[in-house]
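# Examination of the molecular architecture
Listed below are the residues making up each chain.
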Amino acid sequence: MLAQNKPRRCAEAVLIALLISLINLLAWRAFNPPLAAPDVPARIGGLAYNGFQRWDSPLTAKFPDDVALKADLARLAALSQRLRTYSASELPNLPALAAAQGFKLTAGVWLDKRLDNNERELAAIIAASRQHPVIERVIAGNETLLRDEMKPTALYAYLDRLRATLKVPVSTAEPWHVWLKHPELAAHVDFITIHLLPYWEGLPVDQALDYALERYSEVRERFPGRKIVIGEIGWPSNGDRRAGAEATPDKQALFVRQFLARASRLDLDYYLMEAVDQPWKRATERAVGAHWGLLDAARQAKFAFTGPLQADPYWQGKALLSSVLGGLALLPFLLAFAPMRLAGRLMFGLSLQAVASFFVLLAALPLAHYLRPLDMVFLVLLVPALIMMGVILLVQIFEFAELYWPGSLQNQVTLQPLAADAPAPFVSIHLACCNEPPDMVIATIDSLLALDWPAFEVVVVDNNTSDAALWQPVEAHVQACLAAGVKAGLRFFHLPQWPGYKAGALNFALEQTDPRAEWIAVVDADYLVKNDWLRALGGYFSDPTVGVVQSPQAHRDWSQSTLSRMMNWEYDGFFRIGMHHRQERDAAIQHGTMTVIRASALRAVSGWEPACVCEDSELGLRLVQQGLRLVYVDEVLGSGLVPTDFSAYQRQRRRWAQGAMQILRRHRQALLGSSALSLAQRYHFVAGWLPWVGDGLHLFFSLAAMLWTLGVLLAPETFGLPIALFVVPLAVFFVIRLLLTPLLYRRRVPCSPADVASAALAGIALSHSVARGVFTGLLSKSAVFAVTRKGVGGGVGNAVGASVHQEIVLLTGLLFCIVALGLQPSAESDLARWGWMLALGLQALPYAAAVVCASLPLRLKRQS
């Protein structure tokens, strides 16, 4: 039958992959619509020119050589025959090189607060003007008054000296409004040079050109009869949004082509800003300063002067590449998971394709931005984290896709009681306890003694409990039961100093086990079991490949407080969602209570691992490596207690995360190398813990975000607001994780919408505790087993400050960054700033949730 369906499955897979590729191409097309612009000849009246190459900078005195300048001029000669420069002393050979290519120069003289440099500039321009007839006019000073480099009178003096010395016209360049503010400046120049850069004034591109030409007319009216030269006019192709002004390739091309069409009709004297991108300007004008060129820093044209425009000129190649990569990754999935409901396959396929498109954009990032060494360091650190985020996101989407739509799961199981005519094997039940309330342990013992099973023993091991008031009542109860003639075997051991934590106690119990025992059952010290527990599951052991049969970790008495209710439903989600997902491919995780183990299998793998703080999961992985199955039956057959307070809840989850990382380290060869594990089992054991790695990444990003924000606040010339390609994935990652779990809860967990929300809040609140466990497990060779407090009250009054003090520090730091950014006057785009503030707010949510959850017991106590 499977062979007959194979062609059909292959055809379905190919069709779905093609459909998703088509959707991907259409999405790229939707984000890059063609934009109409006038066709213009590729001849420009004049170009503002800086000859600095990709890694050159006047700020570091690294200047281009004559070979580079000559190549530039040969390239620019096809566009224009007039250039405007900015310095006379930095590139002394430029006039001769320009003359050889037939250019006319408006030579620049750089003036600022450095008086010695000003004199060098004046001497250089005087000498160059006498030696090179190619210089037809001079502009001394570039936005000198705008930048407050000197007093107007000082500038007038320099201009007057040059006009008296040179035989060519002399001017200075300032934005249009500076000329209107200082009309007396016109008396010291031979012509008026204005800058018209509506991007800096926040104008949308569709209004920008009209606005710029209106300002041109305003200056002409203020200075009638004077020659007006537009020294700079243009638009950037990349950088921060500034009010309504967007710096994108299509906006630059549209502005330039519209201007060239108008300039030809109006016979304007102008220099387009600018010939070539200048990456060094990031240091003075932020990211946008590097992207004003018609050519990029590699001297390649950014756009054509005819035909429709595109927001991203290379989007078609990127779209095609992302579709190919997405299709290659998607086809094996579609073939392997053909039984999955169509909606699930489409959802995962679209998600996988979106991730592929994102990484194509990420790979192209260095081509679209002039990254500095600091940016490259940041990128090298960030890219692996982004890759891990993408993997984690796909893992969670895969779980959602398989579980949300009924009908995808094929390997789910139900109760399988021991056959009526089958002999009941002897069972040894192990109960380990440490510093537990005696009444709670006694209740567990009594529930075990009431089991409907003909032959079993209960071995109680109390290890490392120093307070006799905790263990002696349990011992006394055991003696009383024995004196009363209980049918089951019952033994109690107190081990004052015993190594190995819970695993050590269980190994001791295994040594004391009756040799007749064929099954080993394990329960936690707070569990009350149903009397048919063993009988309801016993039928599975008729299959010799079954090594473990387990039922959920359910809870009781959780409705007495808001926090305990939240914890109960948060726990329940894993056993209604995650364990079903694992069971589908025989990769159920072994948990430490309500579990029955084949005794021979447990002895064959030498029992429990004392060095691991998650001895149950570690044992399960070793049993699976032996070719045994772990069966999970989602029927409540016993119930325990939720942790006493949020502090205990945190410690338990931190231990679980730490133990998971220990397991990944200890068994990396089996999980990633050669072993008996199937590919699906490897996947679930690794992927099942990846969301916890995501919490570790959240902590990493929170710390990095705060440090980067401090850089933006304290050293804005070095640190800019992160680009959207970095911010958006963080927000998407967090939001999707925030949405998927509640949606699955509504489908698979029998609780109200309010309980779904509260469970989500509880889960988010554990993020930092999980992150601490992840890093401890990955970086530390040793671990300490933290016993989870249950059944007793504990330190609630101090819980808020004591258990979440790190979360409070992180929350305070993130809120400070948000407020400081909000209050800081910024020349950058409000959109970029608000986007980064939103990202910081999302990063702060888990820490705020932890503070809220930690305060709940305290509130209840005060109200009582």
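One numbering rule holds for all chains: residues counted from 1, following each sequence as written. Residue-level local features of this predicted model are given only where pLDDT is at least 70; pairs of side-chain atoms are given and counted only at 80 or more, and the full residue set underlies all totals for whole chains, interfaces and linings. The side-chain values count all of the structure's non-hydrogen atoms but skip hydrogen atoms and water molecules.

### A closer look at the overall build of the chain
How we decide: Helix and strand labels come from DSSP, where a helix needs a run of H or I of at least four residues and a strand needs a run of E of at least two; each type is numbered from the N terminus. In this setup the radius of gyration rests on C-alpha atoms only. A globule is expected at 2.2 Å times the number of residues raised to 0.38. Only heavy atoms enter the contact rule, under which two residues are in contact if any of them lie within 4.5 Å. Computed with the Shrake-Rupley method and a 1.4 Å probe, the accessible areas treat only the protein chains shown as cover for residues. Charge assignment: positive for Lys and Arg, negative for Asp and Glu; neither His nor the chain ends contribute. Think of each charge as sitting on NZ of Lys, CZ of Arg, CG of Asp or CD of Glu.
Summing up its helical and strand segments, the chain has 30 helices and 18 strands in all. A globule of 864 residues ought to have a C-alpha radius of gyration of about 29 Å, yet the chain, at 37 Å, is considerably larger. Seen through its C-alpha atoms, the chain measures out along the principal axes to roughly 120 × 65 × 45 Å. Across the chain, contacts joining residues at least 24 apart in sequence account for 79% of those joining residues at least 6 apart. About 35,800 Å² of surface is accessible on the chain, with carbon and sulfur atoms providing 61% of the total. Side chains of the chain give 78 positive and 73 negative charges; the mean places of these two sets differ by 3 Å.

### Things to note about the nonpolar core
Selection criterion: By nonpolar core we mean a set of buried residues, namely Ala, Val, Leu, Ile, Met, Phe, Trp, Tyr and Cys, connected to one another through side-chain atoms within 4.5 Å. With a 1.4 Å probe rolled over the protein chains alone, any residue whose accessible area is under 20% of its type maximum counts as buried; one over 50% counts as exposed, and the rest are partly exposed.
Core analysis: the biggest nonpolar cluster contains 114 residues, and F333, F348, V461, W608, L623, F646 and W689 have the highest contact counts within it. In terms of residues, this core owes the most to one element, helix α13 (residues 373-404), which gives 15 residues. Not counting residues within four places of it along the chain, the set of residues in contact with W608 comprises A503, L506, N507, V522, Q590, I597, L602, E615, D616, L619 and R622. One finds V134, A186, L196 and V288 within the second-largest nonpolar core, a separate group that totals 89 residues.

### Some details on the packing of aromatic side chains
Cut-off, in case you're wondering: Side-chain rings of Phe, Tyr and Trp (the six-membered ring for Trp) are treated as a pair once their centres are within 6.5 Å; stacked means planes under 30 degrees apart, edge-to-face means over 60, and tilted covers the remaining angles. Remark: a charge is flagged as sitting over a ring if the NZ atom of Lys or the CZ atom of Arg is within 6 Å of the ring centre and within 35 degrees of the ring normal.
Taken as a whole and assessed by the stated rule, the structure comprises 35 aromatic pairs. Relative to W405, the ring of F400 has its centre 5.9 Å away and its plane inclined at 90°; by these criteria the two rings are edge-to-face. Ring-pair connections join several aromatic residues into one group, and the members of that group are Y199, W200, W235, F255 and W292. Against the face of F191 rests R137, its NZ or CZ located 5.3 Å from the ring centre. Positioned above the aromatic ring of F426 is the side chain of R516, whose terminal nitrogen or guanidinium carbon lies 4.2 Å from the ring centre.

### What about the pairing of strand β3 (residues 104-109)?
Rules: Two strands qualify as a pair provided that DSSP identifies no fewer than 2 bridges between them. Look down the strands so they point away from you; if going from the first strand over the helix to the second traces a clockwise path, that crossover is right-handed.
For β3, a buried count of five out of six residues is recorded, marking the element as mostly surrounded by other parts of the structure. Sheet topology places strand β2 (residues 82-84) next to β3; three bridges connect them, and they run parallel. Bridging from a neighbouring strand, R84 pairs with T106 of β3. For the handedness criterion, the β-α-β arrangement of β2, helix α3 (residues 94-100) and β3 is classed as right-handed. Here β3 pairs with strand β4 (residues 135-142) via five bridges, running parallel. Within the sheet, the bridge partner assigned to T106 lies in β4 and is R137. Since β3 and β4 lie parallel, the crossover through helix α4 (residues 115-131) that links them has a hand, and here it is right-handed.

### Structural notes on the confidence of the model for the chain
Our working definition: Scored from 0 to 100, pLDDT reflects the predictor's confidence in each residue.
In this model, the chain carries a mean pLDDT of 92, and residues with pLDDT of at least 70 account for 97%. Scored below 50 in pLDDT, residues 794-799 shows nine contacts in the model against residues more than four places distant or in partner chains. When the criterion is pLDDT under 50, residues 858-864 qualifies, and its contacts beyond four places in sequence or with other chains add up to five contacts.

### Regarding the state of the cysteines
To keep things clear, this is the line we draw: Cysteine sulfur pairs qualify as disulfides if the two atoms are within 2.5 Å.
In this structure the tally under the stated criterion is zero disulfides. No disulfide involves C751; its sulfur sits 15 Å from the nearest other cysteine sulfur, which is in C853. For C751, a relative accessible area of 11% gives the class buried.

### Focus: the environment of A765
Within the secondary structure, A765 sits in helix α26 (residues 753-765). Remark: the alpha-carbon pair of A765 and K104, spanning 661 residues in sequence, is separated by 68 Å. Not counting residues up to four positions away in its chain, the partners in contact with A765 are F646, P846, A849, A850 and C853.

### Focus on the packing of α13 against helix α24 (residues 690-714)
In plain terms, the rule: The angle between two axes is taken between their N-to-C directions and runs from 0 to 180 degrees, where each axis is a line fitted to C-alpha atoms and a helix contributes only its stretch in contact. An angle below 35 degrees is read as roughly parallel, one above 145 as roughly antiparallel, one from 65 to 115 as roughly perpendicular, and any other as oblique. Crossing handedness follows the turn of the near helix against the far one: under a right angle anticlockwise gives a left-handed crossing, and clockwise gives a right-handed one. Under the scheme applied, nonpolar residues are Ala, Val, Leu, Ile, Met, Phe, Trp, Tyr, Cys and Pro; charged residues are Asp, Glu, Lys and Arg; polar residues are all the others, including Gly.
For the pair α13 and α24, the least separation of the axes is 10 Å and the interaxial angle reads 150°. Of the possible angle classes, the one that applies to α13 and α24 is roughly antiparallel. Crossing geometry of α13 relative to α24 is assigned as left-handed. Counting all contacts with α13, which are made through D375, F378, L381, L382, A385, M388, M389, V391, I392, V395 and Q396, the residues of α24 involved are L690, P691, V693, G694, L697, F700, F701 and W708. For the contact of α13 with α24, the class distribution of residues is 16 nonpolar, two polar and one charged.

### Quick notes on empty space enclosed by the protein
Condition: Here a cavity denotes grid points, spaced 1 Å and computed from the protein atoms alone, that fit a 1.4 Å probe unable to get out, and a pocket denotes an open set having protein on both sides within 12 Å along at least 5 of 7 lines; residues with an atom within 4 Å of a point are the lining. Grid points are joined across faces, edges and corners, and a volume is the space filled by probe spheres set on the points.
Inspection of the entire model under this criterion finds four cavities of 30 Å³ or more. As for the largest cavity, its lining consists of M389, G694, L697, H698, F701, L730, F733, F734 and Q843. Where the lining of the largest cavity is concerned, the elements lending two or more residues are α24 and α25 (724-748). If you tally residues by element for the lining of the largest cavity, the top one is α24, at four residues. Classifying every residue of the lining of the largest cavity by side-chain character gives six nonpolar, three polar and no charged.

### A closer look at the sheet that holds strand β11 (residues 489-495)
Spatially, seven strands are ordered β11-β10-β9-β12-β16-β14-β17 in an open sheet, and the strand pairing comes out mixed. Either end of the sheet is taken by a strand with one partner, and the two such strands are β11 and β17 (629-632). Taking each pair of neighbouring strands and ignoring which way they run, the sheet shows an average axis angle of 20°. As judged from the four bridges shared by strand β14 (residues 546-550) and β17, these two strands associate in the parallel manner. In the strand pairing of β17, V548 is matched with L630. Strands in contact with helix α15 (residues 468-483) are β10 (456-463) and β11; relative to β11, the strand with the most contacts, it is inclined by about 155°.

### A closer look at the packing of helix α27 (residues 767-779) against helix α29 (residues 805-823)
Across the interface, α27 lies against α29 with an axial gap of 10 Å and an inter-helix angle of 110°. With respect to their mutual orientation, α27 and α29 come out roughly perpendicular. Contacts from H768, S769 and R772 of α27 reach α29 at Q806, E807 and L810. When its residues are assigned to classes, the contact of α27 with α29 shows one nonpolar, three polar and two charged.

### Concerning the pattern of salt bridges
What counts, and what does not: Counted as salt bridges are all cases of a side-chain nitrogen of Lys or Arg within 4 Å of a carboxyl oxygen of Asp or Glu.
According to the stated counting rule, one finds 39 salt bridges in the structure shown. Between R556 and D557 there is a salt bridge, and its shortest N-O distance comes to 3.9 Å. With a relative accessible area of 16%, R556 lands in the buried category. Here the salt bridges share partners, and the residues they tie into one network are R82, E136, R137, K227 and D269.

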